[in-house]
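Listed below, chain by chain, are the residues.
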Amino acid sequence: MKYILPVLAVFFLALACLVAVARADDEASNSTYVQSGEYGSCYAKSIPAEAYGGKGTTRIYAVSDKDDKLIQTYDWYAPKIALIDTGNGLAVVRFGSWARGRKANADELAIAFYLDGKLLHSHSTLDIAGKPDNVSSSVSHYTVIKKHIGFRWIQSNDYAYDIETTDGRTISFNPETGDILPAPAAAPAK
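The shown structure was predicted, so the numbers you read here are calculated from the model rather than taken from an experiment.

S.K.: I'd love a proper account of the sheet that holds strand β10 (residues 136-137), names of residues and values included.
M.R.: Strands in a sheet are paired, the pairing made by backbone hydrogen bonds, and the direction either parallel or antiparallel. Strand order in this open sheet of 3 strands is β7-β11-β10, and the pairing throughout is antiparallel. Each of the sheet's edge strands pairs with one partner strand only, and the pair in question is β7 (99-100) and β10.

S.K.: Can you explain the side chain of E164? Please cite residues and give values.
M.R.: Along the chain, E164 turns up in strand β13 (residues 158-165). Taking relative accessible area as the criterion, E164 reaches 19% and is therefore assigned buried. Filtering out sequence-adjacent residues up to four positions away, E164 remains in contact with V144, I145, K146, K147, I149, R169 and T170.

S.K.: Which residues make up the pairing of strand β3 (residues 56-62), and what are the values?
M.R.: Bridge analysis of strand β2 (residues 42-48) against β3 gives 7 bridges, and the strand direction is antiparallel. The residue of β3 that forms the bridge with S46 is T58. Where β3 meets strand β4 (residues 69-74), 5 bridges bridge the pair, whose relative direction is antiparallel. When the sheet's bridge partners are listed, R59 is paired in β4 with T73. Hairpin connection between β3 and β4: a loop of 6 residues separates the two successive antiparallel strands.

S.K.: Explain the side chain of T86 to me, using residue names and the numbers behind them.
M.R.: Within the element layout of this structure, T86 appears in the loop between β5 (81-85) and β6 (90-95). Among the polar contacts made by the side chain of T86, one reaches the main-chain amide nitrogen of N88 at a distance of 3.1 Å.

S.K.: Go over the pattern of salt bridges, please, and point to the residues and values.
M.R.: Going through the model one piece at a time under the given rule, you end up with 4 salt bridges. For the salt bridge of E164 with K146, the shortest nitrogen-to-oxygen distance reads 3.8 Å. In this pair, E164 sits in strand β13 while K146 sits in strand β12 (residues 145-155), placing the two residues 18 residues apart along the sequence. A salt bridge links D167 to R169; the shortest N-O distance between them is 3.0 Å. Taking relative accessible area as the criterion, D167 reaches 37% and is therefore assigned partly exposed.

S.K.: Any chance you could break down the nonpolar core for me, citing the residues and the numbers?
M.R.: Core analysis: the biggest nonpolar cluster contains 23 residues, and V93, I111, I128, V144, Y161 and I163 have the highest contact counts within it. Counting only elements with at least two residues in this core, the list comes to β5, β6, β8 (109-115), α2 (125-129), β12, β13 and β14 (170-173). In terms of residue count, the dominant contributor to this core is β8 (4 residues). Once you skip the residues sitting within four places of it in the chain, V93 turns out to touch K80, I81, A82, I111, A112, F113, F151 and Y161. By size, the runner-up hydrophobic cluster in this structure holds 13 residues, among which are C42, A44, Y74 and A112.

S.K.: Pulling in residues and values, what's your account of the packing of aromatic side chains?
M.R.: Aromatic rings considered in pairs are described by the distance between their centres and by the relative angle of their planes. Inspection of the entire model under this criterion finds 7 aromatic pairs. One aromatic cluster in this structure is built from Y74, W76 and Y114. Cation over ring: R100 sits above Y52, and NZ or CZ is 5.6 Å from the ring centre.

The rules behind each value
- Residues numbered from 1 in each chain as written.
- Predicted model: local features only at pLDDT ≥ 70, side-chain atom pairs only at ≥ 80, totals over all residues.
- Heavy atoms only, no water.
- Pairing = 2+ DSSP bridges.
- Helix = DSSP H or I, 4+ residues; strand = E, 2+ residues; numbered from the N terminus.
- Buried < 20%, exposed > 50% of the residue type's maximum accessible area, 1.4 Å probe, protein only.
- Contact = heavy atoms within 4.5 Å.
- Polar contact = N/O pair within 3.5 Å; in protein donor to acceptor, adjacent residues only side chain to side chain.
- Salt bridge = Lys/Arg side-chain N within 4 Å of Asp/Glu carboxyl O.
- Core = buried A, V, L, I, M, F, W, Y, C linked by side-chain atoms within 4.5 Å.
- Phe/Tyr/Trp six-rings, centres within 6.5 Å; stacked < 30°, edge-to-face > 60°.
- Lys NZ or Arg CZ within 6 Å of the ring centre and 35° of its normal.

Put into structure tokens, the structure is as follows:
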């Protein structure tokens, strides 16, 4: 009888921890997302059509001192977007919604690139991870991107968009093609 209270206390503490973990793993529902372009000349407004997933509408506006002007419309929702005028057009980087499950796959969007309204290239979570189990996962979701490093100037009007993967690799993309750029050559040893 003297052990019942401590056992019950441990049981209820463990139950409370399980509930907290389950709640921490709940997928956040979609909400309207607004992101300005790299130099403030434009912005994106992404409006979800459903509580979860990528259905919705994204509009890109050019900023002016009077009325902002709608310049592009897409039939998708994204929880994160990056924009830059490359000098050769407006590059839009779209990121996928929550990836459900515990393994990367070819059907789940990780990142996509658009230039002046045209889809250039999309990369699945499997493309980014390299293999299905190369992910950071929770009870019901996973990710392959650890950090959105962002745009980087290379030369002239050439830019790259960089991400860091969950396994510590940096992947650079050409925002005007969506292609993965070759890794820079390592400096020679001294």
